[in-house]
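Structure assessment
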Amino acid sequence: MTHPEYILTLSCLDQRGIVLRVSGFLAEHGCNIIDSDQFGDPESKLFFMRIHFALEEPNVADATLRAGFDALCAHLGASGQLHDAARKPRVLIMVSKIGHCLNDLLFRYRSGLLPVEISAIVSNHMEFYQLAASYNIPFHHLPLEAGASESDKLAQESRIVELLDRHQIDLVVLARYMQILTPGLCEALKGRAINIHHSFLPSFKGARPYAQAHRRGVKLIGATAHFVTGDLDEGPIIEQDVERVDHAMSVEALTAIGRDVESVVLARAVKWFVEHRILLNGDKTVVFS
């Protein structure tokens, strides 16, 4: 007999007895802990917890468990969530003309390596509609001309919001979507939109960052996945990685290595999000492995 499994996440001001109260609540409701992670931040004075557990008592209903957890969070003054571990979060991917991250995410999705449902792909260009069709994923072409007016941008984003609502999207992934989101959309997506960029920022901003880095003779290149905020490329960091390069490598070689790193870093960030491993800690994140 299989038992329903849940993932509990919680953050609150650090205080004595949190682990005892949470584990006691689970025991009282017939739950068995499968794995548990916790972290107390001495700077923010916040405590973070993630517990994966199974509900083994057949007489405890899902609604009863959730109501009890809400009461526990209120008692602790905590922000907490109780996730059904079997539910695959619904994802919308946004992309422009560079497709390595999109292609990697789709392959991992099809291979069962990412526990998600990709509900839609949105692009301001038509390059990847056939790729989307090959995975039987709806493709939405929402063009936005260079130098588009604020009203045109807001109109395009309103269609994006419609898709988010229609598909009940849990996570938006900017897989090299080369448009700046308006502050309003950034706020609406707070904590549930992930972007990827090369780790050269802020040193090499603007066009052709790999060419800029090549001219400066960099020895490390990499990528950063972060939450989207109204401050461009400055949201809370989720994951980073680097690769060593040397003077003999061309711009093309650097670009190829960089794109490989971008794909891996973004995939890790998405996986950790949908497994409920990421908790916000002010301008930073706590990521439980």
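Residues numbered from 1 in each chain as written. Predicted model: local features only at pLDDT ≥ 70, side-chain atom pairs only at ≥ 80, totals over all residues. Heavy atoms only, no water.

1. Focus: the overall build of the chain
Quick reminder of the rule: For helices the rule is a DSSP run of H or I covering at least 4 residues; for strands it is a run of E covering at least 2, with both sets numbered from the N terminus onward. The size measure is the radius of gyration over C-alpha atoms, and the globule rule it meets is 2.2 Å times the number of residues to the 0.38 power. Here the term buried applies to any residue with accessible area under 20% of the maximum for its type, exposed to any over 50%, and partly exposed to those in between, with areas from a 1.4 Å probe on protein chains only. Should any heavy atoms of two residues lie within 4.5 Å, those residues are counted as being in contact.
Counting its secondary structure elements, the chain contains eight helices and 13 strands. The C-alpha atoms of the chain give 21 Å as radius of gyration, which agrees with the globular expectation for 289 residues (19 Å, within 12%). For the chain, the spread of C-alpha atoms along the three principal axes comes to 60 × 40 × 40 Å. In the chain, buried positions account for 47% of the 289 residues. Long-range contacts, defined here as pairs at least 24 residues apart, represent 67% of the contacts in the chain between residues at least 6 apart.

2. Some details on the nonpolar core
Definition in use: What is meant by a nonpolar core is a set of buried Ala, Val, Leu, Ile, Met, Phe, Trp, Tyr and Cys residues, joined one to another through side-chain atoms within 4.5 Å.
Ranked by size, the top nonpolar core spans 36 residues in total, and within it Ile-93, Leu-105, Ile-121, Ile-194 and Leu-266 carry the most contacts. Taken together, the elements giving at least two residues each to this core come down to strand S5 (90–95), helix H3 (100–110), strand S6 (117–123), helix H4 (129–134), strand S8 (171–174), strand S9 (193–198), strand S10 (220–227) and helix H8 (251–274). Broken down by element, the residue count for this core peaks at eight residues, all from H8. One finds Leu-8, Leu-55, Cys-73 and Ala-78 within the second-largest nonpolar core, a separate group that totals 22 residues.

3. Things to note about the sheet that holds S5
Test applied: The pairing criterion is simple: DSSP has to find at least two bridges between the two strands. In this analysis, axes come from line fits to C-alpha atoms, helices being fitted only over the stretch in contact, and the angle between any two N-to-C directions falls in the range 0 to 180 degrees.
Reading across from one edge, S7-S6-S5-S8-S9-S10-S11 is the order of the seven strands in this open sheet, with mixed pairing throughout. Each having just a single partner strand, strand S7 (139–141) and strand S11 (237–244) make up the two edges of the open sheet. The sheet shows a mean angle of 20 degrees between the axes of neighbouring strands, direction not considered. Of the strand pairs in this sheet, S10 and S11 are connected by seven bridges, and their pairing is antiparallel. When the bridges of S11 are listed, Gly-222 appears paired with Val-242.

4. Focus: the environment of Ile-93
Note on placement: Ile-93 falls in strand S5. Assessed through its relative accessible area of 1%, Ile-93 is described here as buried. In this structure the C-alpha to C-alpha distance between Ile-93 and Val-172, which are 79 residues apart in sequence, comes to 5.8 Å. With residues near it in sequence (within four places) discarded, Ile-93 still touches Leu-102, Leu-105, Ile-118, Ala-120, Ile-121, Val-122, Val-173 and Ala-175.

5. Digging into the layout of surface pockets
Definition in use: Cavity and pocket criteria rest on a 1 Å grid covering protein atoms alone: a 1.4 Å probe that fits but cannot get out defines a cavity, protein on both sides within 12 Å along at least 5 of 7 lines defines an open pocket, and an atom within 4 Å of a point defines a lining residue. Grid points are joined across faces, edges and corners, and a volume is the space filled by probe spheres set on the points. Here the term charged refers only to Asp, Glu, Lys and Arg, the term nonpolar to Ala, Val, Leu, Ile, Met, Phe, Trp, Tyr, Cys and Pro, and the term polar to all other amino acids, Gly among them.
Approximately 630 Å³ is the volume attributed to the second largest pocket. As for the second largest pocket, its lining consists of 22 residues, of which Gln-81, His-83, Gly-191, Phe-273 and Ile-278 are closest to the centre. Contributing elements (two or more residues each) for the lining of the second largest pocket: strand S1 (5–13), strand S4 (79–84), H8 and strand S12 (278–281). Among the elements that line the lining of the second largest pocket, the one with the most residues is S4, at five residues. Split by residue class, the lining of the second largest pocket holds eight nonpolar, eight polar and six charged.

6. With respect to the pairing of strand S13 (residues 284–287)
Here S12 runs beside S13; their pairing, made up of four bridges, is antiparallel. For Leu-279, the partnering residue across the bridge sits in S13 and is Val-286. In this antiparallel pair of consecutive strands, S12 and S13, the connection spans two residues, and Gly-282 shows a positive phi of 70 degrees.

7. A few points about empty space enclosed by the protein
Per the stated rule, a full pass over the model turns up one cavity of 30 Å³ or more. Counted as a void, the largest cavity has a volume near 30 Å³. Forming the boundary of the largest cavity are Val-91, Ile-93, Leu-105, Leu-114, Val-116, Ile-118 and Val-270. Of the residues contributing to the lining of the largest cavity, the split by class is seven nonpolar, no polar and no charged.

8. Some details on unusual backbone geometry
Backbone geometry at Gln-168 places phi at a positive 50 degrees, although glycine is not the residue there. Relative to the helices and strands, Gln-168 resides in the loop between helix H5 (150–166) and S8. Under the relative-accessibility criterion, Gln-168 is labelled exposed at 59%.

9. A few points about the packing of aromatic side chains
Note the threshold: Only centres within 6.5 Å qualify two rings of Phe, Tyr or Trp (six-membered ring in Trp) as a pair; their planes then separate them into stacked at under 30 degrees, edge-to-face at over 60, and tilted for everything else.
As enumerated under the stated definition, the model contains four aromatic pairs in all. Note on Tyr-6 and Phe-53: the rings are 5.5 Å apart at their centroids and 15 degrees apart in plane angle, and the pair reads as stacked. Taken as a pair, Tyr-6 in strand S1 and Phe-53 in strand S3 (residues 46–55) lie far apart in primary sequence, 47 residues in all. Given the relative accessible area of 0%, Phe-53 is considered buried.

10. Examining the packing of H3 against H8
Between two packed helices, both the angle of their axes relative to each other and the distance between the axes serve to describe the pair. Keep this limit in mind: Any angle that is under 35 degrees is reported as roughly parallel, and any over 145 degrees as roughly antiparallel; angles of 65 to 115 degrees are reported as roughly perpendicular and all others as oblique. Crossing handedness is defined as follows: a turn of the near helix away from the far one that is anticlockwise and smaller than a right angle gives a left-handed crossing, while the clockwise case is right-handed.
One way to put it is that H3 packs onto H8 with a least axis distance of 9 Å and a crossing angle of 45 degrees. The orientation of H3 with respect to H8, classified from their angle, is oblique. As H3 packs across H8, the resulting crossing turns out to be right-handed. The residues of H8 that touch H3, namely those facing His-100, Cys-101, Asp-104, Leu-105 and Arg-108, are Arg-259, Glu-262, Ser-263, Val-264, Leu-266, Ala-267 and Val-270. Taken together, the residues of the contact of H3 with H8 break down into six nonpolar, two polar and four charged.

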